[in-house]
Amino acid sequence: MKLYRQGEGAIRIRLTKEDLEAYSMTAEDLDYDSAQGKRVIWELFDKARRETGFDAAGEKIYIQLYPTDRGGCELFVTKLEKEEKKLCFCFADFDLLYAALTRSPIPLGSELWREKKRGVFYALIPEKEAPLAFFEFGETIKMPSKIFLKSRCHRVRREERQT
């Protein structure tokens, strides 16, 4: 078995046929939906954490498995970025939105949408950075679905974070 760190959020695990036999597995059996496959994958993750510092515990991950022509396999494991929790503020009209924006700028990582038919504005703001003025002039509502936003609204503004 060989472990290769592929940057901060990814690792490659190369298993030979002999490595898989030691786990009583084949590349085809190494499936996260089976109890034995899940156990083996987490044993591999434990070894990766000890040897490389790659820690997948508590993370959303994406696993790709590619069988090799000699009976082994390679696993590519990538941590998925955590989506920042956002609050949705609804503003019945532009005047209320404008009043909130004049007191507090829209934080980075925010999105501003306008409903096409009713003229209602939705501000999706990172929860930890929600300005008090948005609570004062807007109404917090349940987060609308991405389908709703894309089909019935148009994006007015998106404040990107610099990476």
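Residues numbered from 1 in each chain as written. Predicted model: local features only at pLDDT ≥ 70, side-chain atom pairs only at ≥ 80, totals over all residues. Heavy atoms only, no water.

A. Here's a closer look at the packing of aromatic side chains. All chains considered together, the criterion is met by eight aromatic pairs. Relative to Phe76, the ring of Tyr66 lies with its centre 5.8 Å away and its plane at 75°, an arrangement referred to as edge-to-face. Of this pair, Tyr66 sits in strand E3 (residues 61-67) while Phe76 sits in strand E4 (residues 73-79), and the two are 10 residues apart along the sequence. Residues Tyr122 and Phe148 carry aromatic rings whose centres are separated by 5.9 Å and whose planes lie at 85° to one another, so their mutual orientation is edge-to-face. Of the two residues, Tyr122 sits in strand E7 (residues 121-126) while Phe148 sits in helix H5 (residues 146-152), which places them 26 residues apart along the sequence. Note on Tyr122: relative accessible area 5%, which makes it buried. These aromatic residues form a ring-pair network of at least three members: Phe89, Phe91, Phe134 and Phe135. The residue whose ring lies beneath Arg12 is Tyr4, and the NZ or CZ to ring-centre distance is 4.1 Å. (Phe/Tyr/Trp six-rings, centres within 6.5 Å; stacked < 30°, edge-to-face > 60°. Helix = DSSP H or I, 4+ residues; strand = E, 2+ residues; numbered from the N terminus. Buried < 20%, exposed > 50% of the residue type's maximum accessible area, 1.4 Å probe, protein only. Lys NZ or Arg CZ within 6 Å of the ring centre and 35° of its normal.)

B. Broad picture of the pairing of E7. Along E7, six of the six residues are buried, which leaves the element largely enclosed by surrounding structure. Going residue by residue along E7, you find Phe121, Ala123 and Ile125 tucked away on one face and Tyr122, Leu124 and Pro126 tucked away on the opposite face as well. As judged from the four bridges shared by strand E6 (residues 111-115) and E7, these two strands associate in the antiparallel manner. Its bridge partner lying in E7, Glu111 is registered against Leu124. Linking E6 to E7, which pair antiparallel, is a turn of five residues; within it Gly119 sits at a positive phi near 75°. (Pairing = 2+ DSSP bridges.)

C. Broad picture of the pattern of salt bridges. In this structure the tally under the stated criterion is 10 salt bridges. Notably, a salt bridge pairs Arg12 with Glu74, separated by 3.9 Å at the nearest N-O pair. Highlighted residues: Arg12 in strand E2 (residues 10-15) and Glu74 in strand E4, separated in sequence by 62 residues. Here Arg12 falls in the buried class, since its relative accessible area comes to 18%. According to the relative accessible area criterion, Glu74 is buried, its value standing at 14%. Taking the shortest distance from any N to any O, the salt bridge between Glu115 and Arg118 comes out at 3.1 Å. (Salt bridge = Lys/Arg side-chain N within 4 Å of Asp/Glu carboxyl O.)

D. Highlighting the side chain of Ser104. Counting through the fold element by element, Ser104 comes out in the loop between helix H3 (94-103) and E6. Residue Ser104 is classed as buried on the basis of its relative accessible area, which comes to 17%. Leaving out residues up to four positions away in the same chain, Ser104 has contacts with Pro131, Ala133 and Phe134. (Contact = heavy atoms within 4.5 Å.)

E. Focus on the sheet that holds E6. In spatial order, the strands read E8-E5-E7-E6-E9; together these five strands make up an open sheet with antiparallel pairing. The strands lining the two open edges of the sheet, one partner per strand, are strand E8 (139-141) and strand E9 (153-158). Here the strands of the sheet are splayed against their neighbours by 30° on average, with no regard to which way each runs. Taken strand by strand, H3 contacts strand E5 (86-91), E6 and E7, and its axis lies near 130° from that of E5. (Axes fitted to C-alpha atoms, helices over the stretch in contact; angles between N-to-C directions.)

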